[in-house]
Every structure is written in structure tokens, then in C-alpha cells.
Amino acid sequence: MSGNIAIDLGTSRTRIYAPKKGIIMDEPSVVAIEPISREIIAVGEKAYQMLGRTSKKVNVVFPLLGGMICDYYLLEGMTKDFLKRSRRARLIMPKAIICIPGEITDVQKMAAINAIESAGIRKVHVMEAPIAAAIGAGLDIESPHGFFIVNVGAGTTDIAVTSLNGVVSSFSLRIAGDQMDDEIVKYLRRKYNLMIGKKTAEEIKIKIGLVLPQVKKLVFRAKGRDSVLGLPKWVDITSEEISQIISSIASRIVSNIGEMLELTPPELVGDILTDGIYLSGGCAQLQGFKELISQVTGLKVHLVEDPTGCVVKGAAQSIKRFHFI
Ligand SMILES: Nc1ncnc2c1ncn2[C@@H]1O[C@H](COP(=O)(O)OP(=O)(O)OP(=O)(O)O)[C@@H](O)[C@H]1O
Ligand SMILES: [Mg+2]
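Residues numbered from 1 in each chain as written. Chains lettered and ligands numbered in written order. Predicted model: local features only at pLDDT ≥ 70, side-chain atom pairs only at ≥ 80, totals over all residues.

1. Some remarks on the site of ligand 1
How we decide: Contact assignment follows one rule, namely that a residue is near a molecule or strand if its backbone-placed C-beta atom lies within 6 Å of it. Each helix is a run of DSSP H or I of at least 4 residues and each strand a run of E of at least 2, with the numbering of both proceeding from the N terminus. Gly falls in the polar group here, along with every residue not listed as nonpolar (Ala, Val, Leu, Ile, Met, Phe, Trp, Tyr, Cys, Pro) or charged (Asp, Glu, Lys, Arg).
Neighbouring ligand 1 are 22 residues, the closest being Gly10, Thr11, Gly153, Gly177 and Gly282. Contributing elements (two or more residues each) for the shell around ligand 1: α5 (177–192) and α6 (198–208). For the shell around ligand 1, the leading source of residues is α6, giving three residues. In terms of residue class, the shell around ligand 1 is built from six nonpolar, twelve polar and four charged.

Structural data, given as C-alpha cells:
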């Protein structure tokens, strides 16, 4: 059936993939609302632009937080808007494979399916994100071969071992990019009395956040407000300071990778020793992250070709591959 799609409902971004067309929507998972009536004012990129710049008349909300659905009504409204904008008028509603973050509970899963079905999808199938990431990375997951996949997103880090088309063991950690942003906000406030928003913190992390100490020192001029005087203020932040914050969170992710390796069945460990670890997700692109994992585990680490798009791509490939729909 044509018109079927794959949706990756990420904590920070939602991506929609249509076979033969590719990614037809890739926007922040954000909604701007009127706080009393909760009427939706803007969705996606437009709502994200309002983040930290709103008056009392507008609230900017992430319907997914830390890998959990925290607002079903807004999730439905957001998905409805994305679907409307991503497809031309069609009488038959598409079916979809969706990937949702982390180890979501069955109750949350059902609620997500309901929200998406009421947003205009005829039938929803849920797919485990690590399997989708592996397929999107081009791994032959149908073979009796173990693959070790780590997806570091915004709200969650998924660590999984797959073999024979299934997840052998997996672990979902509520530590990823968002937490690094939060720690940067806290640090600047504590150290410099500088209040910045989430968007600036994310920009600092992407521009000067290095996981391993590097020779080159980078500087970022962070602009915000003095928390004591209330006046506009800027501070030049160095990559060394930011790296300390980011590295402590990255190390917690790496120690969980180590624990998962210890739990992996011996037959599959052999495959992983030969192949190494496949790393995906937006946060996997942090400079030095791949090297840190390799240093600690002693394994090769491959950053997959399209770290942020591989989950939705893999889910889309499954539409015909597994006859899910
Ligand atoms: N070039 C980059 N360098 C470092 N971090 C990045 C880069 N690009 C994006 N990120 C970070 O990656 C995270 C988003 O990754 P991704 O799009 O995979 O998450 P998501 O799918 O929305 O979230 P989740 O899978 O946790 O639900 C954000 O924290 C973002 O700041
Ligand atoms: Mg994701």
C-alpha cells in the first residue's frame, strides 16, 4: 500500500520517512500553546524558534521528555500538524511504523498508538528503536550474528545487542544530550551568575563540547542575563570547562556500555569483538565520544553513516521487508 510512512518520535526531533521520497519531515518535537486554553499556536520549527522568547501568553512544551510521553494531548496535536504538512491531501489515511524512545511501558505505548491514530494514521505498528537503527545503518540483522548498537539521542541512550532479527538484550538510560544541556545551564549560573536558555546551552555543547581533552582550545561567547543584577551579560566560555561537564555524563554512558558487554552471551561477544560497536543518534556526533568509547572498551567504534536519520530510515525499510503493514 503506497502512502505508508515511518515516524521516529524523538525527544528532540520528529522525523517522517516516506519510501521512495526519503525524509519528508524533520522538525523539533515542540509545541507552542496558549497556557490557559492550551490551544496550539505553533508546532515544530516555528515553536522551537519561540523557545526562551515567549511572553506570559505563550508556553513552549516538549510532549516527550526524558524518553517518556508527558503530554498525550499535545503529542496528538503535534503529530496531526506534522502529518498534515508532510503529505498531500489523500482520502486513504496512511499506515505507519513508529519508533518511540527508550523502554516505554505498555501503557505509554498504547497511549502513543492512540494519539497517533487519532492524528490521522489508519494503523500504527511500534518498532524497537535499536532494531530500526541497526537496519538503517545497513547491518544484516536477520543473520545469526550479534551486533552491538548504541543510540545516544536527546532524552535517552539505547544500548542493545541484536541477533536473528530481534533484540537479545537492551538497556535504556535516561541520560543523553538533554542532560548535558541542563548541566551546562546549571554550571554557567553557578560559576558566572549567567542565566542562559536551553537553546544556547545546546549550541554551546555542539560548537565547543569535546568529550576527550583536545589540544585546541575553543571559545564561545555565551549571552544571557545576570542572575543577581538582572541585566544582560555575556561570558566567554572555553571548551575545557564545557568538556568537563560533558565528559562526566559521557563517562556514565560508557560505563553502562561496559555493563551491557558483560551481560552479552559469549557466542555473540565474539561477533562484537570482530565488528566493534555501532554508534548512532545526534549526540554520538560529539567530538571525541567515539574515541572515548573505544578507549574504555578496547573495541572498534563506528559512527553510522546518518546518525540522526538511521532510525526512521531503518523503520521505513521494514515496511516492505517484514511485511509489517
Ligand atoms: N553535531 C552534533 N554534535 C553533538 N551533539 C549533537 C549534534 N547534533 C545534534 N546533537 C544533539 O543530539 C541530540 C538529538 O539527537 P537525536 O535527534 O538522535 O535525538 P532524538 O531522537 O530526538 O531523541 P531520543 O532518541 O532521545 O528520543 C540533541 O541533544 C542534540 O543537541
Ligand atoms: Mg532518537
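Having seen it, we continue.
2. Describing the environment of Lys223
Keep this limit in mind: Put plainly, a residue is buried at 20 or more neighbouring C-beta atoms within 10 Å of its own, exposed at 12 or fewer, and partly exposed in between, counting only other residues' C-beta atoms, which are placed from the backbone.
Inspection of the secondary structure assignment puts Lys223 in strand β15 (residues 219–226). Among the residues examined, Lys223 registers 12 C-beta atoms within 10 Å and is labelled exposed. Spatially, the C-alpha atoms of Lys223 and Leu194 are 8.1 Å apart, while their sequence positions differ by 29 residues.

3. Quick word on the sheet that holds strand β3 (residues 22–28)
Let me state the cut-off plainly: A strand pair is defined by DSSP finding two or more bridges across the two strands. Axis definition: a line fitted to C-alpha atoms, over the contacting stretch in the case of helices. Angles run 0 to 180 degrees between N-to-C directions. We call two residues in contact if the C-beta atoms placed from their backbones are at most 7 Å apart.
One open sheet holds the five strands; their spatial order is β3-β2-β1-β9-β10, and the pairing between them is mixed. The open sheet has two edge strands with one neighbour each: β3 and β10 (123–127). Neighbour-to-neighbour, the strand axes of this sheet turn through a mean angle of 20 degrees, independent of strand direction. Summarising the sheet, strand β1 (residues 5–9) and strand β9 (residues 95–99) pair through four bridges and their orientation is parallel. From the neighbouring strand, Ile5 faces β9, where its bridge partner is Ala96. Each of β9 and β10 touches helix α3 (residues 106–118); the most contacted strand, β10, lies at about 140 degrees to it.

4. Regarding the confidence of the model for the protein chain
Operational definition: Confidence scores per residue from the predictor, reported as pLDDT, run from 0 to 100.
For the protein chain, the average pLDDT comes to 91, and 95% of its residues sit at 70 or higher. When pLDDT is averaged over each helix and strand of the protein chain, the minimum, 84, is found for strand β8 (residues 68–69) and the maximum, 98, for strand β14 (residues 194–195).

5. Notes on the domain arrangement of the protein chain
Here is the rule: Note that the domain bounds reflect an automated or database-derived domain assignment.
Per the domain assignment, the segments making up the protein chain are domain 1 (5–129 + 310–321), domain 2 (132–175 + 246–303) and domain 3 (177–237). Once you take the C-alpha centre of each, domain 1 and domain 3 turn out to be 29 Å apart.

6. Digging into the sheet that holds strand β5 (residues 40–43)
Taken together, three strands build an open sheet; the order of strands is β5-β4-β6 and the sheet is antiparallel. Since the sheet does not close on itself, it has two edges, and those belong to β5 and β6 (59–61), each with one partner. Here the average twist between neighbouring strands, direction ignored, is 25 degrees. Strand direction decides the pairing type here: strand β4 (residues 31–33) and β6, joined by three bridges, are antiparallel. Counterpart to Val31 in the pairing with β6 is Val61.

7. Digging into the pairing of β5
Relative to β5, β4 runs antiparallel, the two sharing three bridges. Each bridged residue has a counterpart across the sheet, and for Val31 the counterpart in β5 is Val43. Between β4 and β5, which pair antiparallel and follow one another directly, the connecting turn spans six residues, one of which, Arg38, has a positive phi of 60 degrees.

8. Describing the packing of α5 against α6
What counts, and what does not: Roughly parallel here means an angle under 35 degrees, roughly antiparallel means over 145, roughly perpendicular means 65 to 115, and every remaining angle is called oblique.
Contact geometry of α5 with α6 gives a least axis separation of 8 Å together with a crossing angle of 105 degrees. Taken together, α5 and α6 sit at an angle that is classed as roughly perpendicular. Touching Met180, Asp181, Ile184 and Val185 of α5 are Lys198, Ala201, Glu202, Ile204 and Lys205, all from α6. Of the residues assigned to the contact of α5 with α6, the class counts are five nonpolar, no polar and four charged.

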